[in-house]
Amino acid sequence: MILFFFAEEPPRGATEVVPVSLNDEAEDDPVDGDKLSLRDFLTDLRLIWAVRSFAFSTFAFTAITFISGALSGWGPAFLQRVVCTDAADAGRCKSEINYKFGIIGSITGVAGTLIGAVLSQRYARATSNSDPVICCVGLLAAAPFIYLAVFLPPISTLYTWVSVFLAELFIGFTWAPTTAMLLYVTLPTQRSFAAGIQTLTSHLLGDALSPIFVGWLADNLYFNNDDLTRGRALQYALYPTSAFAVIGAIFFGISAKYVVGDRRMVEIQEHEQIGSAGALPEPSEAYFGQGSTPREWMEDPTLKDREASPRPALLP
């Protein structure tokens, strides 16, 4: 309600234009400028997936949502089956586990996101691949704690909660850098579409699928092995989530290889489409089709003189 009554609605299409003059801030009419060219649905779809840093970061983000869906869907049930063995106290025990999971998720969600955002701002530069590196390190750090969170419940409840806390905290490092990366490796006219593609892909193949997969695997293990309890079968079914953290880290590592070049390409395409000659040089064949690489773009002297750009901007 506060946003509805007091927040001013920004003009639609404001990010799809630039001022007619580079020195004109266009404060009076933020949409008074040259429109970036629009493309049809299939062309945008093809061009967005052709951005390699976007594609690999989307695969990595899908691995993150797979982990989150599996652990949030089956984590409490697993702990309840292992810890709540006293029938007389089962109700209180299950409620306490659900409560602790909620508290830990809330704290680590806020703290992890803030830490990831601070790290992204601290190390972000136009010539830096820090965002996918932060995500890669966060997932690699989370992987052993995910494994311990599944392995430790029969041994120690305290260390289990510590592992859950650290695993979710490190996973939280990835939220802000992933979003920032999406914004600066796609054109302004494609960003909302790219965000929709990433959201659909990550949830459809991630947290929508992982609870089903874990439940199916646990049932198959339980019914095909007479010596397994339901709790033990569910434990074995949850172990692959730690492997998905490593897989996601690998995808972020691959994305780090391409993100600088993809960001540079977006900046060149923006200037090419609007025909302005600002801080970047005029696009030429040196950047297209003659073996140019992200390394060559990164070593361009005009980039070295640019100030840090913690947030993506239409004009540098």
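This text follows the structure it describes.
What you see is a predicted model; the values in this text were computed from it and never measured.

(A) Fine view of the layout of surface pockets. By volume, the second largest pocket is sized at about 270 Å³. Every element with two or more residues in the lining of the second largest pocket is listed here: helix H3 (52-83), helix H4 (90-123) and helix H6 (157-172). No other element matches H4, which puts 5 residues into the lining of the second largest pocket. A per-class count over the lining of the second largest pocket returns 5 nonpolar, 7 polar and 1 charged.

(B) Inspection of the state of the cysteines at higher detail. This model, assessed by the stated rule, comprises 1 disulfide. Through a disulfide, Cys 84 is tied to Cys 93; the S-S separation comes to 2.0 Å. Taking the sign of the S-S torsion, about -80° here, the bridge from Cys 84 to Cys 93 comes out left-handed. Given a relative accessible area of 12%, Cys 84 falls into the buried group. Of all cysteine sulfurs, the one in Cys 136 lies closest to Cys 135, which takes part in no disulfide; the gap is 8.7 Å. Looking at Cys 135, the relative accessible area reads 0%, which means it is buried. Under the relative-accessibility criterion, Cys 136 is labelled buried at 16%.

(C) Quick peek at the packing of H4 against helix H7 (residues 175-184). Between H4 and H7, whose axes approach to 6 Å, the crossing angle comes to 45°. Between H4 and H7, the crossing angle belongs to the class labelled oblique. For the pair formed by H4 and H7, the contact residues are Thr 113, Gly 116, Ala 117 and Ser 120 on the first element and Trp 175, Ala 176, Pro 177 and Ala 180 on the second.

(D) The packing of aromatic side chains, seen in detail. This model, assessed by the stated rule, comprises 18 aromatic pairs. Between Tyr 147 and Phe 151, the ring centres sit 5.9 Å apart and the planes meet at 10°, which makes this aromatic pair stacked. On the criterion of helical spacing, the pair formed by Tyr 147 and Phe 151 is a turn pair, its members being 4 residues apart in helix H5 (residues 130-151). For Phe 151, a relative accessible area of 35% puts it in the partly exposed group. Centroid distance Phe 170 to Phe 173: 5.5 Å. Interplanar angle 80°. Geometry classified as edge-to-face. Through a chain of ring-to-ring contacts, the aromatic side chains of Trp 49, Phe 54, Phe 56, Phe 59, Phe 251 and Tyr 258 assemble into a single cluster. Cation over ring: Arg 263 sits above Tyr 184, and NZ or CZ is 4.1 Å from the ring centre.

(E) Region of the structure containing the nonpolar core. The biggest cluster of nonpolar side chains holds 30 residues, and the ones touching the most others in it are Phe 54, Ile 146, Ile 171, Val 185 and Phe 252. Listed by contribution, the elements that provide at least two residues to this core are H3, H5, H6, H7, helix H8 (191-207) and helix H11 (240-274). Ranked by the residues each element gives to this core, the list is headed by H5, at 6 residues. By size, the runner-up hydrophobic cluster in this structure holds 10 residues, among which are Val 150, Ala 218, Leu 234 and Ala 237.

(F) Spotlight on H4. Given a rise of 1.5 Å per residue, 34 residues ought to cover 50 Å, and the 48 Å separating the end C-alpha atoms of H4 matches this to within 8%. Residues Ala 90, Cys 93, Ile 97, Phe 101, Ile 104, Thr 108, Gly 112, Gly 116 and Ser 120 constitute the buried set of H4. Close packing links the buried residues of H4 with H3, H5, H6 and H7.

Cut-offs used in this document
- Position numbers for residues count from 1 along each chain, tracking the sequence in the order it is written.
- Whole-chain, interface and lining totals are the exception, using all residues; otherwise, since this is a predicted model, local features are given only for residues with pLDDT of at least 70 and side-chain atom pairs are given and counted only at 80 or more.
- Side-chain metrics rest on all non-hydrogen atoms present in the structure, leaving aside hydrogens and water.
- Grid points spaced at 1 Å and placed over the protein atoms alone form the basis of the search, with a cavity being a set where a 1.4 Å probe fits but cannot get out and a pocket an open set showing protein on both sides within 12 Å along at least five of seven lines. Lining residues have an atom within 4 Å of a point.
- Grid points are joined across faces, edges and corners, and a volume is the space filled by probe spheres set on the points.
- Strands are runs of DSSP state E lasting at least 2 residues, helices are runs of H or I lasting at least 4, and numbering of each runs from the N terminus.
- Residue polarity is assigned by list, with Asp, Glu, Lys and Arg as charged and Ala, Val, Leu, Ile, Met, Phe, Trp, Tyr, Cys and Pro as nonpolar; anything else, Gly included, falls into the polar class.
- Cysteine sulfurs are considered disulfide-paired once they come within 2.5 Å of each other.
- Buried means the residue's accessible area, taken with a 1.4 Å probe over protein chains only, is under 20% of the maximum for its type, while exposed means over 50%, and partly exposed covers the values in between.
- Working convention: axes come from line fits to C-alpha atoms, limited for helices to the stretch in contact. Angles between N-to-C directions cover 0 to 180 degrees.
- For this classification, under 35 degrees means roughly parallel, over 145 means roughly antiparallel, 65 to 115 means roughly perpendicular, and everything else is oblique.
- Contact between two residues is taken to exist if any of their heavy atoms lie within 4.5 Å; hydrogens are not considered.
- Note on aromatic contacts: the rings of Phe and Tyr and the six-membered ring of Trp form a pair at centre separations within 6.5 Å, being stacked when their planes are under 30 degrees apart, edge-to-face when over 60 apart, and tilted otherwise.
- For a ring to carry a charge above it, either NZ of a lysine or CZ of an arginine must fall within 6 Å of the ring centroid while also lying within 35 degrees of the normal to the ring plane.
- Put simply, a nonpolar core is a bunch of buried Ala, Val, Leu, Ile, Met, Phe, Trp, Tyr and Cys residues held in one set by side-chain atoms that sit within 4.5 Å of each other.
- To estimate the expected span of a helix, count its residues, drop one, and scale the result by 1.5 Å.

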